[in-house]
Amino acid sequence: MTPDLSAAVETFVQEAREQLEGLEGMLLDLESGADRDRVDAIFRVLHTVKGSGSMFGFGALARFTHHFEDAFDGVREGRMQIDNRLIDVSLRARDHMTALLDCGGDSPEAARLEASEEAASLLTTLAAIMGKGQGSPEASLAPPPAALPQREAVLRRWSIRFHPDAAALRNGMRPDLLMAEVAALGEAEIRLDASDLPPLAELDPERSYFAWDVLLTTAQPRDAIEAIFLFADDAALEIAERDPDAQATAAAAPAAAPAQPVRAQAAVALAQDTPAARLPQATAGSSENVRVPAGKLDDIMDQLGELVIAQARLHQIAAATQNADLESIVEEVERLVTGLRDATLSVRMLPIESVFGKFRRVVRDLSVELGKDVALAVEGGETELDKTVIDRLSEPLVHMIRNSMDHGLEDAARRQAAGKPTRGRVTLSARQEGGEVLIAIEDDGAGLDTEAIRNRAIERGLLAADAQPNPAEIHQMIFAPGFSTASTLSSVSGRGVGMDAVRSAVEALRGQTEIVTVPGRGTRVTLRLPVTLAIIDGFLVRLGQSVFVIPLAAVEECVEFEEAERRRDSGRSMLRLREHLVPFLDLDDVFARPPSTEPRRRVVIVKADGQRLGLVVDDILGQNQTVIKTLSIYHRNIAGLAGATILGDGAVALIIDVATLARRARAAQRQIA
Amino acid sequence: MAHTILAVDDSKSIRDMIKLTLVPLGYRVVEGDNGQSGIEVFRREQVSLVITDLNMPVMNGFDFIRAVRGMPKGAGVPIIMLTTESKPEAKAEGKAAGATGWITKPFTPENLISVAKRLAG
Amino acid sequence: MQNTLQTRDKPGPGGGPDPEMMLIFRLSGEVFALPVSEVHEILDPIPTTPVPGAPPFAPALINVRGAIAPLIDIRQRLRMQAMPASDTARIIVLDLPVAGVPTRMAIIADAVDEVIETDRAALKPVPELGARWPEPYVTGVARSGDALVILLNTDTLFCPDAGQTPQA
C-alpha cells in the first residue's frame, strides 16, 4: 500500500519556505562574523532541505542544495573561508532554491531551472570557490528507487549468510523478525550457526553469538532481499546466487545495481571505524507552536465575522422581546464572542520583523547596484500587525527603501562634501500607538528638494503655476501618480511610480502616509496603519434614517451640539470645547445630505492625524463590533468612506474614514485662512 | 496492543511522513523535534522502535542515541537513524552510539514499513 | 456607421454559436436579456443603503446573504428615465468579473419574466433600433414573440470607468 503523503508534502513546502526565509538572514549575519553556531545553523537548513526535498519529490531542489551544502560542510570543517564571494553566491543560491521550491516539485519548470544558466553559473562559482572542478558527487544523490519494476517470475536460489555483530541484540536487532521476513519471500531453509557460542559460564546474555545461513528460493530480485537487511549491519551480510542462470538473471541485474555503491561505502566505513567529527549543538530552542495555513485563519476570520453579525441580530431581537432570561444569555454570548474575536485576532498578529528581515537583503543588493555604502538600522521589529497588513506592506516598503537609497541618500562624494559620514543610513522602525501601528522609513540623505518637486508638479500638471502651496503640501506631491523628481531614470526606483503605489497600498489598508523632510538632514516617511483589518469596535451614529459607523478607536467624547456655541468668526466652523476651539464638520454637508431638521443634535469628537475634529450627527446609537467589508470597485475611491458593514437588523451601514475627514477639515480651514 | 514508535526529527514534514505511513498500519507514533524532547518522550512512553534524525538542533541524534542506550529502559529497543549522509563516519559514529541500523534519506514509505515490521513487530 | 448596431458575437464557452440561456427582465417598459450563467440569484426587493458621493450608476449597497453588494442602476447607462419601483420589482444578483476581479453586484428590474434559449448567431441587427441604445452596452437585439429583447453586454455595462454615458 502507498500512504497518501500529500499532507506531508505540504508541510515540507511550508517548512522549506520558512527555512529559506530564515536562511537569508543567517547568510547576511555572516557578514558581521562567522561563528560556529551560525555556520552550523546554515548547514542544518541546507541539510534538511536536501534530505526532505529528495523524499517529497523535489529532486532538482535536493540535487542543487547538495552542492550548496557541500560548500558549508567545507566551512564547517575549516576547509573553506567565509568571504564576501561566498556570501554573494550563497544568497543567489538561496534564491535559486526558493525558485526550485516554487516549482512545486519535479516539474518541467523545475527541470528548466535546473538546466538554466543561473544554475550552471552558481554551480561553477561554488565549485570555483571550493577550489575544485566541475566534478560533482552526483552519485550519492541518486533519485529514490521507484517502485520495483515488473519482472518475469523466474525462480532463483540464493544463499544468504547473516552474522550480526556482538552488540546487535543489545541494540535492538530482531533476527527472528528478519528471518521471518526472509522466509516470506519464498521457500527458505534457515540454519542457525551457533558455533561461536561460548561455554555457559562465559556467556554474556546481551551478546549475540549467532549467525544464520539461509537457502532461499524466490522469484524476488536481489534488492528485495537486501531491503530486508536495509537497516542492518552491512558488513555482516553476504548474499550470493546459488546456481546463477545467466539468462534468467539478465533482467534483474540492472535493477539491483544502484544499491551497490552505497553498500560498498558502508562496508568501508565500518572497516575504518573512525570517530566522526562530533556534530556540535546549536542554540535553537524547541517550540510548542502549531503551524496553520494562512487560508485557514482567513476562514476562521470570515466565520467569526458572520458570527458577530448574527450575534448583533440576536441582540436586537432580544432587546425587542424584553425577556430578561433571553437578554442575559445574549449578554453572555456577546461576551464570549468578544473574547473569541480578540483571541482570533491575536492569532493573526505577527511581529513585523518577519517582513523587516527581507529588507536587509534589499539594502545589501541595492548598495552594490547603486554603489552607495548604506547601513540599515531596524527598530521595533517586535511590533505586531495583522498578517494581512504585513503581507500587503512588503512591496510598498521595498519601494520606499529603494527610494530612500536611490533618491534620498547622496553619493559618497557629496556626503563627504556636506560633512556627513560617507556611509549612508536608512532606519526602519515600527511602534504601536493606540489602535495604529506607525512604520517609519528614515534616511539621513539630502532631504526633499522642495523647489524641484514644485517645478515637476507644475510640469506634470499636478499643480497650477500660480498656486502657493506650503512646503508640506508640495512634499505630499511625490505620492501623486506619475510623479518623479529623479533627473536620471534609474532601474532601481523607476519613474517614481513607487511612491504612488505606496500610498494606494497604504490607503487600501485604511492607513495613511506622512512625510517629513529637513534639507540636508534627511527624509522620514511614516505609514500609519490600523492594527487589524477585519473587525473593529464601531461607534454607531444616525443621520436621518441612515446609520454610519465611526471607528471607536478614534472617538474621544460626545457632546451636545449647541448652535450657540458654534463660532462662525471669519466663516470657520469651530466648536468651543471647554477652553479649546475644535473644528467641526456636519456630516450632512460631508455626505451631501439635505440639512438635518432635528432639534437636538450631537457632536462626536474624534482624533485623527494628531488633531481633534467634531463630527455633527443626528443621534448616537451605541457601540457594536464592526466586521469591516471592503467596498467594491464602484465605491472604493469615495473620500470619507472606509468600508461598509452589516448591522444587527441586516441593514448595510457605511464606515466613516475619520482621517480623510480630518485632512479635509484642515484643508478647508487653510483655505478660509 | 499497538506498538509505539518514536520519531525524532526537527523536520515536521519527515515526522508527518512517518506518521502518515505508519499510523494507518496500526502503529502509534509519538514525536520529538530534537534529541532533548525525544528523550523526554522516550522516558514517558513504552517505545518499541525509535526512528531518529542525526542532524538536529539542541541535541543531535548521536547524543540522543547514547542517552537512550544509557537508560535502563533503552536497552534492546531498536534505534534506526535517518541519515542523508552517505558519509561513512556518521554511520560508524551512530553505530558506536548504539544505533541498530540506519535508513538513508531519501527513503520511501515502503522502506519505513518494512523496517517497522521487522523491528517493532 | 453610428446608427447601425453591430451584432458582436461573444464567443460562447465552447467558442461556437451554442445557444445560450438568457434571463429576460423588464425595466422602465423595455425588455432586456442577460446571460443566465452570470446570474447568481433573484431576490425580492430588500432595503438599500444609499452611498453618499457614489456615481449615479452605482447609487447604493445591499446585503445579499451577509455579503455587501453594490446596487447598479443600468438605466443610468442606457439613458433611460428612472421610474418608481413596480410591485413586481426584483433584484437580480450577478457574479461577474469587473476589471478582472470577481464581483458580486445587483441590478434592479421591474419584473423578471423567463429564461429563454437564444442562439447568438441568429441575432439580427435591428438598425432602426440601434440609435436608441448606447452601442457599447448592447450586444444585439433579438425577437421573442412580439417583443424586442435587448441583449446587454455585461463586459462593458458594468465597467466602472466607462464614465459618462457616451454621446450618440
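Residues numbered from 1 in each chain as written. Chains lettered and ligands numbered in written order. Predicted model: local features only at pLDDT ≥ 70, side-chain atom pairs only at ≥ 80, totals over all residues.

Draft legend 1. A look at the overall build of chain C. Scanning chain C for helices and strands turns up three helices and eleven strands. Ordered by position from the N terminus, the helices and strands of chain C form the series β-β-β-β-β-β-α-β-β-β-α-β-β-α. Among the 168 residues that make up chain C, the fraction classed as buried is 30%. Within chain C, contacts between residues at least 6 apart in sequence are counted, and of these 60% link residues at least 24 apart. (Helix = DSSP H or I, 4+ residues; strand = E, 2+ residues; numbered from the N terminus. Buried ≥ 20, exposed ≤ 12 C-beta atoms within 10 Å, placed from the backbone. Contact = placed C-beta atoms within 7 Å.)

Draft legend 2. Molecular detail of the overall build of chain B. Counting secondary structure elements, chain B contains five helices and five strands. Ordered by position from the N terminus, the helices and strands of chain B form the series β-α-β-α-β-α-β-α-β-α. Buried positions account for 64% of the 121 residues belonging to chain B. Within chain B, contacts between residues at least 6 apart in sequence are counted, and of these 61% link residues at least 24 apart.

Draft legend 3. Layout of helix α5 (residues 109-120) of chain B. Residues and elements named next belong to chain B. Compared with the 16 Å implied by 1.5 Å per residue over twelve residues, the 16 Å span of α5 between its first and last C-alpha is a close match. Residues of α5 that are buried include every one of Leu112, Val115, Ala116, Arg118, Leu119 and Ala120, and no others. One or two steps after α5, the chain reaches glycine 121, where phi turns positive at roughly 85 degrees. (Expected span 1.5 Å × (residues − 1).)

Draft legend 4. Highlighting the pairing of strand β3 (residues 211-218) of chain A. All names here are of chain A. Here strand β1 (residues 156-162) pairs with β3 via seven bridges, running antiparallel. If you follow phenylalanine 162 over to β3, its bridge partner there is tryptophan 212. As defined by bridge partners, strand β2 (residues 187-193) adjoins β3 across seven bridges and the pair is classed as antiparallel. Within β3, the position partnered with glutamate 187 by the bridge is threonine 217. (Pairing = 2+ DSSP bridges.)

Draft legend 5. Molecular detail of helix α15 (residues 387-408) of chain A. With 22 residues, α15(A) extends 29 Å between its outermost C-alpha atoms, agreeing within 8% with the 32 Å of an ideal straight helix rising 1.5 Å per residue. At A:Leu393, α15(A) shows its largest bend, some 35 degrees, and a proline, A:Pro396, comes one to four positions later. (Bend = angle between axes of the 7 residues up to and from the residue.)

Draft legend 6. Broad picture of the interface of chain C and chain A. Counting from both sides, the interface comprises 20 residues of chain C and, opposite them, 19 residues of chain A. Taken together, the residues of the side of chain C that touches chain A break down into 15 nonpolar, five polar and no charged. (Nonpolar A, V, L, I, M, F, W, Y, C, P; charged D, E, K, R; others polar.)

Draft legend 7. Geometry of the packing of helix α1 (residues 6-29) of chain A against helix α2 (residues 36-55) of chain A. Residue and element names in this part refer to chain A. Two elements in contact, α1 and α2, have axes whose closest approach is 10 Å; the angle formed by their N-to-C orientations is 155 degrees. Taken together, the axes of α1 and α2 are roughly antiparallel relative to one another. For α1 against α2, the interelement crossing comes out left-handed. Between α1 and α2, the contacting residues are Phe12, Ala16, Gln19, Gly22, Leu23, Met26, Leu27 and Asp29 on the first element and Arg38, Ala41, Ile42, Val45, Thr48, Val49, Ser52 and Gly53 on the second. (Axes fitted to C-alpha atoms, helices over the stretch in contact; angles between N-to-C directions. Parallel < 35°, antiparallel > 145°, perpendicular 65-115°, else oblique. Left-handed = near helix turned anticlockwise from the far one by under 90°.)

Draft legend 8. Structural context of the environment of C:Arg75. For C:Arg75, the position within the fold is in helix α1 (residues 74-77). Setting aside its immediate chain neighbours within four residues, C:Arg75 contacts C:Leu27, C:Ser28, C:Met80 and C:Ala82.

Draft legend 9. Structural detail: the environment of A:Gly408. Of note, A:Gly408 is situated in helix α15. For the pair formed by A:Gly408 and A:Gly445, sequence separation is 37 residues and the distance between their alpha carbons is 5.0 Å.

Draft legend 10. Local environment of the sheet that holds strand β19 (residues 619-627) of chain A. Residue and element names in this part refer to chain A. Pairing is mixed across the open sheet formed by five strands, whose spatial order is β19-β12-β13-β21-β20. Whereas interior strands pair on both sides, the edge strands pair on one side only; in this sheet they are β19 and β20 (641-646). The average angle at which neighbouring strand axes cross in this sheet is 35 degrees, direction not considered. Relative to strand β21 (residues 652-656), β20 is paired through five bridges, and the arrangement is antiparallel. Following the sheet pairing, alanine 644 is matched in β21 by leucine 654.

Draft legend 11. Representation of the packing of helix α3 (residues 59-76) of chain A against helix α4 (residues 84-102) of chain A in the model. Residue and element names in this part refer to chain A. Relative orientation of the contacting elements α3 and α4 amounts to 165 degrees, with a least axis distance of 10 Å. When the axis of α3 is compared with that of α4, the two are roughly antiparallel. Where α3 crosses over α4, the handedness of that crossing is left-handed. Residue-level contacts link Ala60, Leu61, Phe64, Thr65, Phe68 and Ala71 of α3 to Leu86, Ala93, His96, Met97, Leu100 and Leu101 of α4. Residue composition of the contact of α3 with α4, by class: ten nonpolar, two polar and no charged.

Draft legend 12. A look at the nonpolar core. Counting 91 residues, the largest nonpolar core has A:Ile550, A:Leu615, A:Ile656, C:Ala33 and C:Ala106 as the members making the most contacts within it. Shared between two domains, this core takes at least three residues from each, and those domains are domain 3 (294-348) and domain 5 (535-672) of chain A. When residues no more than four places from it in sequence are discounted, the contact partners of A:Ile656 are A:Phe548, A:Val549, A:Ile550, A:Gly640, A:Leu641, A:Ala642 and A:Leu661. Counting residues in hydrophobic clusters, the runner-up holds 72 residues, among them A:Leu23, B:Met56, B:Met59 and B:Ala97. (Core = buried A, V, L, I, M, F, W, Y, C linked by C-beta atoms within 7 Å. Domains from an automatic or database assignment.)

Draft legend 13. How the structure looks around unusual backbone geometry. We note that A:Ala592 has phi near 50 degrees; this positive angle belongs to a residue other than glycine. Mapped onto the elements of the fold, A:Ala592 is located in the loop between α20 (587-590) and β17 (602-608). Phi at C:Ser28 takes a positive value of approximately 45 degrees, unusual for a residue other than glycine. By the element assignment, C:Ser28 lies in the loop between β1 (19-27) and β2 (30-35).

Draft legend 14. Seen up close, the confidence of the model for chain B. Taken as a whole, chain B shows an average pLDDT of 86; of its residues, 96% reach a score of 70 or greater. Across chain B, strand β1 (residues 4-8) of chain B holds the top mean pLDDT of 94, while helix α4 (residues 88-97) of chain B sits lowest at 79. (pLDDT = per-residue confidence, 0-100.)

Draft legend 15. Seen up close, the sheet that holds β3(A). All names here are of chain A. Ordered in space as β2-β3-β1-β4, the four strands form an open sheet in which the pairing is antiparallel. The open sheet is flanked by β2 and β4 (237-241), the only strands paired with a single partner. When the angles between neighbouring strand axes are averaged without regard to direction, this sheet yields 15 degrees.

Draft legend 16. Up close: the environment of B:Asn60. By the element assignment, B:Asn60 lies in the loop between β3 (49-53) and α3 (61-70). Residue classification places B:Asn60 among the buried positions, given that 23 C-beta atoms sit within 10 Å.

Draft legend 17. Local environment of the confidence of the model for chain C. Residue and element names in this part refer to chain C. Per-residue confidence for chain C gives a mean pLDDT of 76, with 75% of residues at or over 70. At the low end of the mean pLDDT range in chain C sits helix α2 (residues 127-130), at 55; at the high end sits strand β4 (residues 49-50), at 94. Confidence over residues 1-17 falls short of pLDDT 50; this stretch has 29 contacts with residues more than four positions distant or in other chains. As scored by the predictor, the complex reaches a pTM of 0.48 and an ipTM of 0.82.

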